[in-house]
Amino acid sequence: MAYKVTLIPGDGCGPEVIAAAKRVVEATGVAIAWEQAEAGAAMIEKYGTPLPEETIASIRRNGVALKGPVTTPVGTGFRSVNVAMRKTFDLYANVRPAKTYPGVITKFDHIDLVVVRENTEDLYAGIEHMVGEDAAESIKLMTRKGCERIIRYAFEFAMREGRKKVTAVHKANIMKCTDGMFLNIAREIAKEYPQIAFDDSIVDAMCMRLVMHPEDYDVLVCPNLYGDIVSDLCAGLVGGLGLTPSANIGVEGAIFEPIHGSAPDIAGQNKINPTAAILSAVLMLAHLGEAKAAENIEQAVMKVISEGKTLTQDMGGVASTEEFTDAVIAALA
């Protein structure tokens, strides 16, 4: 029986990378009944919103979605489609692995860490308003429930994946109520998992340590805004956003997507690196219980990258999106 999955191409380069991921998943033989849905700036004229109700309904029906990047205007325009989806489906855990692959030129060759980012609260939730004409105010709202469930998710993830340590990232020295609560809850929950090592770090020091000794870290659990920033830093350590997938996990569903943007400057040119989308599909297959297919795809990606014969421009090659995808499919076990 086929799994039912909502497929959201997105905009910009989204349709290209999602098409690549779809082809790779289908090549494993796992039966997926794809239900295509729409989201993005182009939907405003058609539906009056970048996130149509039918797309929401499709995700609600299927419980799982594979999604491409969606353009979010800077400073003006509609709120982020991603933020709207996270709130709609209470996708409270954003899981972002960062792993070095042989063949990718980086300053480090031994990174294998995961950022577990709270996905619904904090400054990133966008609770803000103008104060008169010359001032603006953003509200950093964090709840005990939100802190507890993301921290517990991080420890449960570490247990399930055989990870050894969880590090709580915060700014509790300055934000003593919000981040102080986050840190205190982390320390209490850590006592329930004596088999998992625990430490904490102030976010600015964390960034410094990551670029000096990333091998010291395993699972980082972060409030929303810090998680967004730190996970991009980690992506830079392993070769860039084109190589980093993500999973948004919640009570009412799961959405898998590359963490890079829509890259409108190269959209439609068949040269975007689809690795992050393909690896996001790996996370999706693992979530569906198809561990063997997930492992086969990741091994195929590693083989193609390590051989260095069929790489996209961002990795120092000349291969097109389609050629790279063909190589991954050919390398499947």
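The paragraphs below set out a description of the structure included in this document. (Residues numbered from 1 in each chain as written. Predicted model: local features only at pLDDT ≥ 70, side-chain atom pairs only at ≥ 80, totals over all residues. Heavy atoms only, no water.)

Comments concerning the environment of Phe256
Note the cut-off: Secondary structure elements are taken from DSSP: a helix is a run of H or I of four residues or more, a strand is a run of E of two residues or more, and numbering for both begins at the N terminus. Relative accessible area decides the class of each residue, using a 1.4 Å probe on protein chains only: under 20% of the type maximum gives buried, over 50% gives exposed, and in between gives partly exposed.
Relative to the helices and strands, Phe256 resides in strand S12 (residues 253–258). For Phe256, a relative accessible area of 1% puts it in the buried group. C-alpha of Phe256 to C-alpha of Arg60: the two residues are 196 residues apart in sequence and 14 Å apart in space.

Re the packing of aromatic side chains
This is how the line gets drawn: Two rings from Phe, Tyr or Trp (for Trp, the six-membered ring) form a pair when their centres sit within 6.5 Å of each other. Planes less than 30 degrees apart are called stacked, planes more than 60 degrees apart edge-to-face, and all others tilted. Consider the ring centre and the ring normal. A charge sits over the ring if Lys NZ or Arg CZ is within 6 Å of that centre and within 35 degrees of that normal.
Scanning the model with the defined rule gives four aromatic pairs in all. Judged by centre distance (5.1 Å) and plane angle (20°), the ring pair of Phe155 and Tyr193 falls under stacked. Of this pair, Phe155 sits in helix H5 (residues 144–161) while Tyr193 sits in the loop between helix H6 (178–190) and strand S9 (197–202), placing them 38 residues apart in sequence. In this arrangement the basic side chain of Arg117 is found over the ring face of Tyr124, its NZ or CZ atom lying 4.5 Å from the centre. It is Arg160 that lies over the ring of Tyr153; its NZ or CZ is 6.0 Å from the centre.

Description of the pattern of salt bridges
Pairs can form between side chains of opposite charge whenever their charged atoms are close. We apply this condition: Counted as salt bridges are all cases of a side-chain nitrogen of Lys or Arg within 4 Å of a carboxyl oxygen of Asp or Glu.
According to the stated counting rule, one finds 23 salt bridges in the structure shown. Across the pair Glu161 and Arg160 runs a salt bridge whose closest N-O atoms are separated by 3.8 Å. Under the relative-accessibility criterion, Arg160 is labelled exposed at 52%. When salt bridges with common partners are traced through the structure, they connect Arg96, Arg117, Asp228 and Asp232 into a single cluster.

Regarding the sheet that holds strand S4 (residues 93–99)
Threshold: Any two strands are treated as partners once DSSP identifies two or more bridges connecting them. Lines fitted to C-alpha atoms define the axes, with helix axes restricted to the stretch in contact, and inter-axis angles between N-to-C directions lie between 0 and 180 degrees. Between two residues, a contact is recorded if the distance between any of their heavy atoms is within 4.5 Å.
One open sheet holds the 10 strands; their spatial order is S2-S1-S3-S12-S11-S4-S5-S10-S8-S9, and the pairing between them is mixed. Each edge of the sheet is formed by a strand with only one pairing partner; in this case those strands are strand S2 (32–36) and S9. Put simply, the sheet's adjacent strands are angled 25° from each other on average, direction ignored. Note that strand S8 (residues 165–170) and strand S10 (residues 219–222) share three bridges and pair parallel. By the bridge assignment for S10, Val166 is matched with Val219. Most of the contacts of H5 go to strand S5 (residues 112–118), to which it runs at about 160°, and overall it touches S4, S5, S8, S9, S10 and strand S11 (245–250). Along the sheet, helix H9 (residues 275–287) makes contact with strand S1 (3–8), S2, strand S3 (64–67), S4, S11 and S12, crossing S12 at roughly 160°.

Topic: the side chain of Asp90
Topologically, Asp90 is positioned in the loop between helix H4 (81–88) and S4. Beyond its immediate chain neighbours, meaning those up to four positions away, Asp90 contacts Thr120, Arg149, Ile249, Gly250 and Val251.

Concerning the pairing of strand S6 (residues 128–131)
As paired strands, S6 and strand S7 (residues 135–138) are joined by four bridges and run antiparallel to one another. Bridge pairing in S7 links Val131 to Ala135. Counting the residues between successive antiparallel strands, the hairpin from S6 to S7 contains three residues, one of them, Gly132, with a positive phi of roughly 70°.

As for the nonpolar core
We apply this condition: Take the buried Ala, Val, Leu, Ile, Met, Phe, Trp, Tyr and Cys residues and link them wherever side-chain atoms come within 4.5 Å; each set so joined is a nonpolar core.
Counting residues in each nonpolar core, the largest one holds 69 residues, and the members touching the most others are Leu66, Ile151, Met284, Ile297 and Ile305. Beyond its immediate chain neighbours, meaning those up to four positions away, Ile305 contacts Tyr101, Pro102, Gly103, Val104, Leu243, Thr275, Leu311, Met315 and Phe324. Counting residues in hydrophobic clusters, the runner-up holds 17 residues, among them Val169, Val203, Met206 and Val230.

Quick word on the packing of helix H1 (residues 14–27) against H9
To keep things clear, this is the line we draw: Oblique is the label for any angle not covered by the other classes, which are roughly parallel (under 35 degrees), roughly antiparallel (over 145) and roughly perpendicular (65 to 115). Here a crossing is called left-handed whenever its near helix is offset anticlockwise from the far helix by less than a right angle, and right-handed whenever the offset is clockwise.
In contact at an axis separation of 8 Å, H1 and H9 are set at 45° when each is read in the N-to-C sense. The angle between H1 and H9 places the two elements in the oblique class. Note on packing geometry: the crossing formed by H1 with H9 is right-handed. On H9, the residues touching Val17, Ala20, Ala21, Val24 and Val25 of H1 are Ala277, Ile278, Ala281 and Leu285.

What to know about helix H10 (residues 291–307)
Quick reminder of the rule: Residue count minus one, scaled by 1.5 Å, sets the expected span of a helix. Directions are taken from the helix axis to each C-beta atom, and the arc is the one they span.
Taking 1.5 Å of rise per residue, the 17 residues of H10 would be expected to cover 24 Å, and the 24 Å separating its terminal C-alpha atoms lies within 8% of that figure. Buried within H10 are the following residues: Ala293, Ala294, Ile297, Glu298, Ala300, Val301, Val304 and Ile305. Axial view of H10: buried residues confined to an arc of 155°, hence all on one face. Buried-residue contacts for H10 involve H1, S4, H9 and helix H11 (321–331).

A short note on the environment of Cys147
Topologically, Cys147 is positioned in helix H5. Expressed as a C-alpha distance, the spacing of Cys147 and Leu183, which sit 36 residues apart in the sequence, is 8.9 Å. Setting aside residues up to four positions removed in sequence, Cys147 forms contacts with Glu121, Met142, Met181, Phe182 and Ile185.

Brief notes about the packing of helix H7 (residues 203–212) against helix H8 (residues 224–238)
The following threshold applies: Gly is placed with the polar residues, together with every amino acid not listed as nonpolar (Ala, Val, Leu, Ile, Met, Phe, Trp, Tyr, Cys and Pro) or charged (Asp, Glu, Lys and Arg).
Packing of H7 against H8 brings their axes to within 10 Å, and their N-to-C directions diverge by 10°. As summarised for this structure, H7 and H8 are arranged roughly parallel, according to the angle between their axes. Residues Val203, Cys207, Leu210 and Val211 of H7 pack against Tyr226, Val230, Leu233, Cys234 and Leu237 of H8. Across the contact of H7 with H8, the residue classes break down as nine nonpolar, no polar and no charged.

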